[in-house]
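Fold and contact review
Okay, here's what each chain looks like letter by letter:
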Amino acid sequence: TDVEACDLSSQPDAWLDGHYKLGDLLTPTPAIYINNCRFGLHGPIEVFSSGAVTAYVEGLPQCEFLTAQPWGEDKYLDRCMMTIGVTRVN
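As the structure is a prediction and not an experimental result, all values here were calculated from the model.

Let us look at the environment of F39. On the secondary structure map, F39 appears in the loop between β1 (32-34) and α3 (50-59). Put simply, F39 and K75 are 36 residues apart on the chain and 9.5 Å apart in space, counted from C-alpha to C-alpha.

Below, the structure written as structure tokens:
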């Protein structure tokens, strides 16, 4: 099921597997977010660095076109973060 596919309890290192842009992690406030499901950002826990939140606030106008979609906040945030260039850590 989708819930089982997104359950990280059996994959504790799933989001720390090296899929990130190294340069982003070397900055004082890296703009990264944890992708918690193979289908994209999903579920009750969403983890963003403070750099990602800053990038989101500053880049919000670039995501305006996404509000026309009938998505929940998780898919909206995933797409917005990708649009503004925040690093997604799997």
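Take the state of the cysteines next. Counted according to the given criterion, the structure contains one disulfide. In this model C63 forms its disulfide with C80; the gap between the sulfur atoms is 1.9 Å. Handedness here is read from the sign of the S-S torsion; for C63 and C80, about 85°, the answer is right-handed. Taken together, the positions of C63 in the loop between α3 and α4 (73-84) and C80 in helix α4 put the pair 17 residues apart, joining distant regions of the chain. Assigned by exposure class, C63 and C80 land together as buried.

In this model α4 runs 16 Å from its N-terminal to its C-terminal C-alpha over 12 residues, within 8% of the 16 Å that 1.5 Å per residue would give. On the buried face of α4, the contacting elements are β1, α3 and β2 (87-89). Where α4 ends, the next residue or the one after it, G85, has phi of about 90°, a positive value.

Reading the values: rules and limits
Residues numbered from 1 in each chain as written. Predicted model: local features only at pLDDT ≥ 70, side-chain atom pairs only at ≥ 80, totals over all residues. Heavy atoms only, no water. Helix = DSSP H or I, 4+ residues; strand = E, 2+ residues; numbered from the N terminus. Disulfide = S-S within 2.5 Å. Buried < 20%, exposed > 50% of the residue type's maximum accessible area, 1.4 Å probe, protein only. Expected span 1.5 Å × (residues − 1). Contact = heavy atoms within 4.5 Å.

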